[in-house]
Amino acid sequence: MTSAGAEWPGEGLDVAGADFGLWVRGVDYMPGWRAAREAADQLNFVILGAEFEPSELRAVPATTDDGQGLVRLIGSPAAAVRLAGLLERAAEGDGGAL
């Protein structure tokens, strides 16, 4: 809470391009988030099939500051290394294409 007359945090800031969770007034984030959610769900199904635990590695839906869908892959460093190995072997086994 701010004192009387104090500026609210973020007042007067240009949030375009901000990458720390601020929402821009007038941007419709829901269509992008829904698309990201569908993609994240599909990716999480495959991640579970590869025997990762959600606490190790998971896809999370998000949006960019202009409302475009975005899927973030978050996990432990060990899980990221394991995933990199799986992707590398998949690429080598298919002539380099995934």
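Okay, so let's go over this structure. What you see is a predicted model, and the numbers here were worked out from it, not measured in a lab.

## Concerning the overall build of the protein chain
The helix and strand tally for the protein chain stands at 2 helices and 2 strands. Listed by position from the N terminus, the elements making up the protein chain come as α-β-β-α. Split into buried and exposed, the 98 residues of the protein chain put 18% on the buried side. Considering only intrachain contacts with a sequence separation of at least 6, the fraction spanning at least 24 residues in the protein chain is 47%. Taken as a whole, the protein chain presents about 7400 Å² of accessible surface, with 58% of it coming from carbon and sulfur.

## Digging into the nonpolar core
Ile47, Phe52, Leu57, Ala79 and Leu83 together form the largest nonpolar core, which totals 5 residues. With near-sequence residues (within four places) excluded, Ala79 lies in contact with Phe52, Glu56 and Leu57.

## Focus: the pattern of salt bridges
Tallied over the entire structure, the rule returns 1 salt bridge. With a closest N to O distance of 3.1 Å, Asp41 and Arg37 form a salt bridge. Of the two residues, Asp41 and Arg37 both sit in helix 1 (residues 30-49), 4 residues apart, roughly one turn of that helix. Its relative accessible area of 39% is what places Asp41 among the partly exposed residues.

## Some thoughts on the pairing of strand 1 (residues 57-63)
For strand 1 and strand 2 (residues 69-75), the ladder comprises 7 bridges, and the chain directions are antiparallel. Opposite Thr63, over in strand 2, you have Gly69 as the bridge partner. In sequence, strand 1 turns back onto strand 2 through a hairpin of 5 residues, with Gly67 there showing a positive phi of about 95°.

So, how was this worked out
- Residues numbered from 1 in each chain as written.
- Predicted model: local features only at pLDDT ≥ 70, side-chain atom pairs only at ≥ 80, totals over all residues.
- Heavy atoms only, no water.
- Helix = DSSP H or I, 4+ residues; strand = E, 2+ residues; numbered from the N terminus.
- Buried < 20%, exposed > 50% of the residue type's maximum accessible area, 1.4 Å probe, protein only.
- Contact = heavy atoms within 4.5 Å.
- Areas by Shrake-Rupley, 256 points an atom, 1.4 Å probe, with all protein chains shown as cover.
- Core = buried A, V, L, I, M, F, W, Y, C linked by side-chain atoms within 4.5 Å.
- Salt bridge = Lys/Arg side-chain N within 4 Å of Asp/Glu carboxyl O.
- Pairing = 2+ DSSP bridges.

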